Amino acid sequence: MISTLNIQTHVPLAPLHTFACQTQAQYVATLSHVDQLGELTQRLARWPAPVWVLGSGSNIVFAADFPGTLILNCLKGRSCIAEDKAEGSAVWRVAAGESWHEWVSQSIAEGWYGLENLALIPGTVGAAPVQNIGAYGVELSRVCVGLSAWHLPSGKMRYFSADECEFSYRDSFFKRADQQNQWIITAVDFKLSKHFRPNITYPALAQCGHVLDSARAVFEAVCQIRQQKLPDPAQQPNAGSFFKNPIVSGDVADALKQKMPNLPVYPVAVDSNEAGKTIQRVKLSAAYLIEHAGFKGKVCEDVGVSSKHALVLVRHRAGDGRGVLSLSEQIKACVMEQFGVALMPEPILWPSVGA
Ligand code: FAD
Ligand code: NAP
């Protein structure tokens with residue numbers, strides 16, 4: 001039976017995003033079954049623009065009223081679609097509206113491994129490929145073998161292989177300026193293993209003091225570290241890391257190390273420039289730069305920088321959070337002035353910066 005989309009108007013956005021600004025959306029259409037996708041495309045032209053796709057709102061900040069339409073992804077379900085008993089592996093298809101953390105927890109409980117480092121990341125399964133979520137040295141791209149997505153303008157379903165998703169550091173095809181909000185990811189395919197292969201190279205895990213000899217042990221250690229270190233959005237609204245860790249050339253990193261010998265730097269890749277010269281790329285710690293620019297714990301009207309973690313901007317209970325964009329601009333300007341490094345916000349921002 002084909003069900004009809006649930007559409008609401010003038011919807012409060014505080015419960016729909018973890019930064020919880022007291023703003024509202026003109027339209028919210030709740031997608032709860034793939035049968036509704038055709039209706040979605042038919043109605044698109046009549047809905048107020050812009051049209052954005054929304055999961056749990058943990059990587060999006062609505063710092064002003066949203067004059068357009070949000071499509072809230074509530075597709076549910078999961079199943080094993082292929083199993084290779086000899087290899088001890090299986091491909092699981094998980095609907096986009098499922099909770100990411102519940103999926104990680106269920107997969108481990110059922111003896112399928114590979115997602116343990118990605119425990120306790122808020123959000124939905126469908127949003128996870130959008131920024132190729134990552135934590136503690138593991139990225140979604142390591143286990144995602146493909147996904148299904150509905151092309152909103154043409155009303156066609158397409159299967160993307162992992163290569164076609166163009167995963168890179170906190171980035172994918174779906175974050176490209178010309179592709180954002182063109183696709184609704186409906187289901188994601190994961191290849192998991194019966195064999196536990198630990199990845200505990202991050203110091204926080206390597207030095208956590210627990211024996212990490214099973215996926216369950218890693219899962220629990222990750223949950224414990226995250227609960228100690230990160231502000232809980234339910235207690236103190238936030239959108240996780242507000243800036244990406246900048247990736248710069250080896251020369252820039254060396255110059256910064258001269259000035260700040262303790263600056264954490266991580267070699268990430270080797271590229272070549274137009275002249276064919278090899279260039280080392282280095283990831284810097286954005287948290288370190290923000291802290292050393294003097295922002296850790298700083299309060300600015302109704303928002304601030306977490307005193308627990310310099311990369312996390314938080315909304316204070318008293319305010320509506322609308323000052324977040326100006327605080328973010330202040331941080332970017334200060335880090336640029338003091339260190340010559342450009343910071344890029346990680347969450348999607350409304351209004352879009354520069355709009
Ligand atoms: P939303 O915030 O609703 O949407 C994010 C983007 O994805 C938007 O552009 C939206 O349009 C798009 N989108 C959402 N669903 C779909 C869909 N089905 N199809 C197409 N586009 C879609 N991220 C990490 O990578 N690693 C971490 O360790 C991590 N820790 C976090 C900790 C905290 C406390 C918080 C608040 C956030 C953290 N995040 C982290 C960021 C966030 O949890 C992830 O990016 C998550 O995948 C976002 O899921 P969501 O459902 O909330 O997406
Ligand atoms: P952390 O473990 O204190 O490390 C600080 C930074 O150093 C991280 O940003 C991490 O980069 C980098 N790093 C540490 N060890 C590394 C290694 N061996 N190789 C390469 N890079 C290394 O970080 P944290 O802030 O507590 O977060 C822990 C993990 O959860 C991180 O992976 C982080 O990305 C993730 N996280 C993400 C968000 C978000 O909203 N995106 C929020 C909270 C936590 P990476 O960030 O590239 O891993």
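As a starting point, this report considers the structure included with it. (Residues numbered from 1 in each chain as written. Chains lettered and ligands numbered in written order. Predicted model: local features only at pLDDT ≥ 70, side-chain atom pairs only at ≥ 80, totals over all residues. Heavy atoms only, no water.)

1. Structural notes on helix H1 (residues 37-44)
Right, on to step 1. The complete set of buried residues in H1 reads Leu 37, Glu 39, Leu 40, Thr 41 and Leu 44.
Right, on to step 2. At its buried positions, H1 is contacted by strand S2 (24-31), strand S3 (51-54), strand S5 (66-73), strand S10 (144-151), strand S11 (156-161) and strand S12 (183-193). (Buried < 20%, exposed > 50% of the residue type's maximum accessible area, 1.4 Å probe, protein only. Helix = DSSP H or I, 4+ residues; strand = E, 2+ residues; numbered from the N terminus. Contact = heavy atoms within 4.5 Å.)

2. Topic: the site of ligand 1
Right, on to step 1. Around ligand 1 sit 33 residues, and of these Val 53, Ser 58, Asn 59, Thr 124 and Arg 226 come closest.
Right, on to step 2. In this structure, an oxygen atom belonging to ligand 1 sits 2.5 Å away from a main-chain N or O atom of Val 53.
Right, on to step 3. Gln 131 has a polar side-chain atom sitting 3.0 Å from an oxygen atom of ligand 1.
Right, on to step 4. Within the residue set of the shell around ligand 1, elements represented by two or more residues are S3, strand S8 (134-135), S12 and strand S13 (238-241). (Near = heavy atom within 4 Å. Polar contact = N/O pair within 3.5 Å; in protein donor to acceptor, adjacent residues only side chain to side chain.)

3. Side note on the site of ligand 2
Right, on to step 1. Near ligand 2 there are 17 residues, and of these Tyr 169, Tyr 202, Lys 229, Lys 283 and His 309 occur at the shortest range.
Right, on to step 2. In this structure, an oxygen atom belonging to ligand 2 sits 2.8 Å away from a main-chain N or O atom of Ser 241.
Right, on to step 3. At 2.6 Å from an oxygen atom of ligand 2 is found a side-chain nitrogen or oxygen belonging to His 309.
Right, on to step 4. Contact with the protein chains covers 81% of the free accessible surface of ligand 2, which is 800 Å².
Right, on to step 5. Counting residues per element, the ones that place at least two in the shell around ligand 2 are S8, helix H4 (215-229) and S13.
Right, on to step 6. Looking at the shell around ligand 2, its residues break down into seven nonpolar, five polar and five charged. (Areas by Shrake-Rupley, 256 points an atom, 1.4 Å probe, with all protein chains shown as cover. Nonpolar A, V, L, I, M, F, W, Y, C, P; charged D, E, K, R; others polar.)

4. Observations regarding the layout of surface pockets
Right, on to step 1. For the second largest pocket, the calculated volume is near 400 Å³.
Right, on to step 2. Forming the boundary of the second largest pocket are 14 residues, of which Gln 180, Met 344, Pro 345, Pro 347 and Ile 348 lie nearest the centre.
Right, on to step 3. Grouping the constituent residues of the lining of the second largest pocket by class yields seven nonpolar, two polar and five charged. (1 Å grid on protein atoms, 1.4 Å probe; cavity = no way out; pocket = protein on both sides within 12 Å on 5 of 7 lines; lining within 4 Å. Points joined across faces, edges and corners; volume = space filled by probe spheres on them.)

5. Details of the sheet that holds strand S7 (residues 89-95)
Right, on to step 1. Read from one edge of the open sheet, five strands run S6-S7-S12-S10-S11, paired in antiparallel fashion. This sheet does not close on itself; its edge strands, each paired only once, are strand S6 (78-84) and S11. Averaged over neighbouring strand pairs, the angle between their axes works out to 20° when direction is ignored.
Right, on to step 2. The strands that H1 touches are S10, S11 and S12; relative to S10, the one it contacts most, it runs at about 50°.
Right, on to step 3. Taken strand by strand, helix H2 (residues 100-109) contacts S6, S7 and S12, and its axis lies near 20° from that of S12. (Pairing = 2+ DSSP bridges. Axes fitted to C-alpha atoms, helices over the stretch in contact; angles between N-to-C directions.)

6. Remarks on the environment of Ala 20
Right, on to step 1. Along the polypeptide, Ala 20 turns up in the loop between strand S1 (6-12) and S2.
Right, on to step 2. Measuring from C-alpha to C-alpha, the distance between Ala 20 and Ala 234 comes to 9.5 Å, with 214 residues separating the pair along the chain.
Right, on to step 3. In this structure Ala 20 touches Ala 14, Pro 237 and Arg 315, once residues within four positions along its chain are discounted.

7. Focus: unusual backbone geometry
Right, on to step 1. Put simply, Ala 49 and Pro 50 share a cis peptide bond, and its omega is 0°.
Right, on to step 2. Within the secondary structure layout, Pro 50 lies in the loop between H1 and S3.
Right, on to step 3. Residue Pro 351 is bonded to the preceding Trp 350 through a cis peptide linkage, with omega at 0°.
Right, on to step 4. Turning to its location among the elements, Pro 351 is positioned in the segment after strand S20 (348-350).
Right, on to step 5. Even without being glycine, Ala 20 reaches a positive phi, approximately 55°.
Right, on to step 6. Positioned with a positive phi, Glu 301 is a non-glycine residue whose angle comes to about 55°.
Right, on to step 7. Mapped onto the fold, Glu 301 is located in the loop between strand S17 (299-300) and strand S18 (303-305).
Right, on to step 8. On the basis of relative accessible area, Glu 301 is assigned to the exposed category, the value being 73%.

8. Quick notes on the pattern of salt bridges
Right, on to step 1. One pass over the full model with this rule turns up 11 salt bridges.
Right, on to step 2. With its nearest N and O atoms 2.8 Å apart, the salt bridge here joins Arg 93 to Asp 189. Linking Arg 93 in strand S7 with Asp 189 in strand S12, this pair joins segments that are 96 residues apart in sequence.
Right, on to step 3. In this structure, Lys 332 and Glu 329 form a salt bridge, with 3.3 Å as the shortest nitrogen-oxygen distance. Here Lys 332 pairs with Glu 329, and both are found in helix H7 (residues 324-339), just three residues apart, close to one helical turn.
Right, on to step 4. Where salt bridges share partners, they join Glu 166, Arg 176 and Asp 178 into one cluster. (Salt bridge = Lys/Arg side-chain N within 4 Å of Asp/Glu carboxyl O.)

9. Topic: the nonpolar core
Right, on to step 1. Counting 43 residues, the largest nonpolar core has Trp 100, Trp 103 and Phe 190 as the members making the most contacts within it.
Right, on to step 2. Counting only elements with at least two residues in this core, the list comes to S7, H2, S10, S12 and H4.
Right, on to step 3. Among the elements that line this core, the one with the most residues is H4, at eight residues.
Right, on to step 4. Here Trp 100 is in contact with Leu 115, Leu 118, Ile 121, Gly 123, Thr 124, Val 125, Ala 128, Ile 133, Leu 140 and Phe 190, once residues within four sequence places are set aside.
Right, on to step 5. Core analysis: the second largest hydrophobic core is formed by 36 residues, Phe 243, Val 248, Val 282 and Ala 310 among them. (Core = buried A, V, L, I, M, F, W, Y, C linked by side-chain atoms within 4.5 Å.)

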